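Summary of the model geometry
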Amino acid sequence: MSDRQPPRRRVPGPARPVRPAARGRTGPGARPARGPGGPRPGAPKTIRLGSPRPRLRLVGVGLTLVMLAFVVRLVQVQAVDASTYAGKAERNRYVGQVLAAERGEITDRDGVALATSEDAYDITADPTMFAPDELKIDDGPEQAAALLAPILGADQEDLVRKLRPDNPSLRYVKLAGRQTPQVWRQIKDLRSALATKSETDRSTVNVLAGVFSVPTSKRVYPNNELAAGILGWVNAEGKGSGGVELQLEERLAGEEGKIRYAQSGGRLVPTAGSTETPAVPGDDIELTIDRDIQWAAQNAISKQVEESAADRGYVIVQDTRTGEVLAMANAPGFDPNDLSDADPRTLGNAALQDAFEPGSTAKVLSMAAVLEENAATPGTHVVVPNRLHRGDRLFKDDIDHPTWYLTLNGVLAKSSNIGTILATGQLGKTQSRANKVLYDYLRRFGLGSHTGLGFPGETKGILAPPDQWSTSQQYTIPFGQGVSVNAMQAASIYSTIANGGVRVEPTLVRGSKGPDGRFTPAPKPERTRVVSEKTAKTLAQMLESVVDDEEGTGTKARIPGYRVAGKTGTANRVDPATGKYHGYTSSFAGFAPADKPRITVYCVIQNATQGSYFGGQICGPVFKQVMEFSLKTLQVPPTGAAPAALPVTFEP
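Residues numbered from 1 in each chain as written. Predicted model: local features only at pLDDT ≥ 70, side-chain atom pairs only at ≥ 80, totals over all residues. Heavy atoms only, no water.

Turning our attention to the overall build of the protein chain. A count of helical and extended segments in the protein chain gives 20 helices and 22 strands. Taking all 652 residues of the protein chain together, 46% fall into the buried category. Within the protein chain, contacts between residues separated by at least 24 positions form 73% of all contacts whose residues are at least 6 apart in sequence. (Helix = DSSP H or I, 4+ residues; strand = E, 2+ residues; numbered from the N terminus. Buried < 20%, exposed > 50% of the residue type's maximum accessible area, 1.4 Å probe, protein only. Contact = heavy atoms within 4.5 Å.)

Structural data, given as C-alpha cells:
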C-alpha cells in the first residue's frame, strides 16, 4: 500500500459578489465602461415596459363620456320626461275593469222567484299581453284562440281579432260574456298548467297569461216558459230586452262599479294604488202575479190552442177590487232561458200587443151606456127580426131565427147583434148623436187608451172618433166589430162592472225591495168612476143570464156553487198578414161571484181551425177551469145567494 494520499478534489466555494469597478479605475483589473445608453459588453439584454400613463388617460376619458351619457339620460328620464314615463308605466302596470251590478230578482206576489241571477263570469283579455314582444312569438293570439274557442263555443277567427285589435294600446276586451263558473275554471286550470310548464320548459309559452275573468251574473228563469210574456228576457249584454226586464231595466240593473288594480304576468298585485268603486245591486221587483194561478191559466190556454189548432190564445186573471193582474198567460210561449230555438212570432206579450176586434164581449159596453142614459131597462121589450137593414148593409145574428121577442136582458143573454143595434139607437135622437154618446162610454171604459201598465209594446187598440165612423161602423161598433182592443183592456171592462162601476187601472207590480232590504209599495192605481153602482149591479145581473139561463150562450162557463156573470164573443178576425177578414176571434169574459165579485177572467183564442170556433164553446171551458182554480187558490167562498133570474123573453 502506498503511503501517498490521493489528491483532494476541489470543491467550489460560494459565489462572490461582483464588485463594481472603482469609478475611474484603469488598468488590467478594471472593467470596461458601458457605452452611453447601451448594455455592458457581454451583459444579458433587459426588456423595459412602456409608460402606462397615456393608456390610463384614454380609459379615463372613455369612462367619463359613458358616465356623462348615463347622467344626461337619467336627467332626461327623471326630470325632463318624468311625467311621460310615469304615465306610460302607470298604463302598463294598472288595469281598469267594470264591475257588473247584481241584477235584482223578479218574484210573484208571494216572493217566489220568477227571474233570478246566478254567478257567472265575463271572460276578458289584455291584448297587449299577446303582442310578439311580450310573448316572444308571433302567433300568440292564434294559439290562444285555438285553445279558447272550443271552451267558449266561440268563433276562433273572432277571438283572434279581439286579441289582436287595430288599437295596439287597447288593454281590455271581452271575449265572452256571462259564462258559467265551470267554463272559467276550465280556462283557469289550462292557464295554470301552461304557466307551470313554461317554468320548466323554456320552449313553452303561456299564451293564456293575458286572459282574465270579471265576476258577473247570468239571468235564470226557474219556471222556464211560465209567465215569459210578462217577464221578457235579458240579452247577451245583460240588458233587459222585453217585458218587465225591459220596462224596469234601470231599477233591476243597479249601478255598475269600477276596479283599478296592478297586474304583472296576468296576476293581481296587491298594492296601495288599487282602487275600487263597488257596484250597487238592482232592486228586487215583486209582481202582482200569483205563480199557481199563472200556471193554471197557461196550462188551460195552451191545451185549448193545441186542440183547436189555433194561431194563439191568451188568458188574463184580475183582482176586481184592486186591479192587480193575477195571471197573464200566452200560448204558444217561449223559454227565456234559451231563445235560440224560439219562434220570433211567440216572443213578446200578445195579450197586450195584439189588437183585435172583441165581438160580442163588447156588447156589455153598449148595455152600460143604454142603462146609464136611462134609454131602457133590463125588462124593456125589444122585437128582434131575422134581418135588419141599416145604411148600406143588411145585418143578421149568428144564427137564422124567426122574430125574437126579447127583453133587453134577453138581447145580451142571446147575444143578438140586431137587438144591440136597436138598443143603442135609443142613445140619441139622431144616429150621429147616438154615436157620440156611445163613443164617450167606450172611452170611459178605457178603449183607445193604454191600460196604465206601461208595458213595452202595448197597443192602445183602435177607436176612431165618432165623426169618422163609416156607415157600417155606426152599427157594427155597438156589437164589437169595427173597433179594436187588447186583452187587458177587455178584461178591465168586466173588472170595472164587477167593481161597482169604478175602473181601477190594472197593475203588474206590487212593489220593490232595494239593496237596504226595505220594501217600497207601488203607487196606488188611479180609480175612475165610469158608471153608477146601480148600473154596474144591473149589468152584473144581466151577465148572469148569459151563463145561468138555458137560453144563454155561456152555459159551459157555469161553476157549481158559484154565481157567474159572463159574456161570450165570436168576432170576424182581421188577418194581420193580409189585413182582410179571415177566421174568428173567440172569447169569453166574466167574473165571480157575480153578486160579490172578486175575480175577473178573460179568455181569447185566435183563428181556431179545428172543432168549434164559437167563444162559448172553446173559451167558456177555459174560463171555467181557470176561474175555479183561482177561487180555490184565493179561498173565495160562494155567497149562497140566489141569482136574480131576469127574464129573457116576453110574450108579444
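Further notes follow.
Attention shifts here to the confidence of the model for the protein chain. When pLDDT drops low, the exact placement of atoms in the prediction is not to be read closely. Predicted confidence across the protein chain gives a mean pLDDT of 86, with 87% of residues reaching 70 or more. Confidence drops under a pLDDT of 50 for residues 20-30, and excluding neighbours within four residues, the segment shows two contacts in the predicted structure. (pLDDT = per-residue confidence, 0-100.)

What follows deals with the packing of helix α12 (residues 363-372) against helix α15 (residues 431-444). For any two helices packed against each other, the geometry is given by the interaxial angle and the distance between the axes. At a closest axis distance of 9 Å, the pairing of α12 and α15 adopts a crossing angle of 115 degrees. With respect to each other, α12 and α15 are oriented roughly perpendicular. By crossing handedness, the relation of α12 to α15 is classed as right-handed. Taking contact as the criterion, the partners of Leu-365, Ser-366, Ala-369 and Glu-372 in α12 are, on α15, Leu-438, Tyr-441 and Leu-442. For the contact of α12 with α15, the per-class residue count stands at five nonpolar, one polar and one charged. (Axes fitted to C-alpha atoms, helices over the stretch in contact; angles between N-to-C directions. Parallel < 35°, antiparallel > 145°, perpendicular 65-115°, else oblique. Left-handed = near helix turned anticlockwise from the far one by under 90°. Nonpolar A, V, L, I, M, F, W, Y, C, P; charged D, E, K, R; others polar.)

Right, let's get into the sheet that holds strand β20 (residues 565-574). Picture the strands of a sheet paired through backbone hydrogen bonds; they go either parallel or antiparallel. The sheet built from five strands is open, its strands ordered β11-β10-β22-β21-β20 with antiparallel pairing. The sheet terminates laterally at β11 (325-331) and β20, the two strands that pair on one side only. Adjacent strand axes in the sheet meet at a mean angle of 10 degrees when their direction is disregarded. In this structure, β20 lies alongside strand β21 (residues 581-592), joined through nine bridges in antiparallel fashion. Opposite Thr-570, over in β21, you have Ser-586 as the bridge partner. Running at roughly 25 degrees to β11, helix α10 (residues 291-308) makes contact with β10 (312-319), β11 and β22 (599-606) of the sheet. Sheet strands touched by helix α18 (residues 533-548): β20 and β21. Its angle to β20, the strand with the most contacts, is close to 75 degrees. (Pairing = 2+ DSSP bridges.)

Here we come to the side chain of Gln-474. Here Gln-474 is to be found in helix α16 (residues 473-476). What Gln-474 contacts, discounting residues up to four positions off in sequence, is Gln-431, Asn-435 and Trp-469.

On to the UniProt feature "transmembrane region" (unreviewed entry) in the protein chain, then. The positions UniProt marks with the feature "transmembrane region" (unreviewed entry) are residues 56-75. Span residues 56-75 is 100% helix and 0% strand, its end C-alpha atoms 28 Å apart. (UniProt positions renumbered as here; feature names shortened; annotations may be inferred.)

Quick look at the packing of α10 against helix α20 (residues 620-633) now. Two numbers describe how α10 lies on α20: the axes approach to 9 Å, and their chain directions differ by 165 degrees. On the basis of their axis angle, the class for α10 and α20 is roughly antiparallel. Here the hand of the crossing between α10 and α20 comes out right-handed. Two secondary-structure elements touch here, α10 through Asp-292, Ile-293, Ala-296, Ala-297, Asn-299, Ala-300, Ile-301 and Gln-304 and α20 through Val-622, Gln-625, Val-626, Phe-629, Ser-630 and Thr-633. Of the residues assigned to the contact of α10 with α20, the class counts are eight nonpolar, five polar and one charged.

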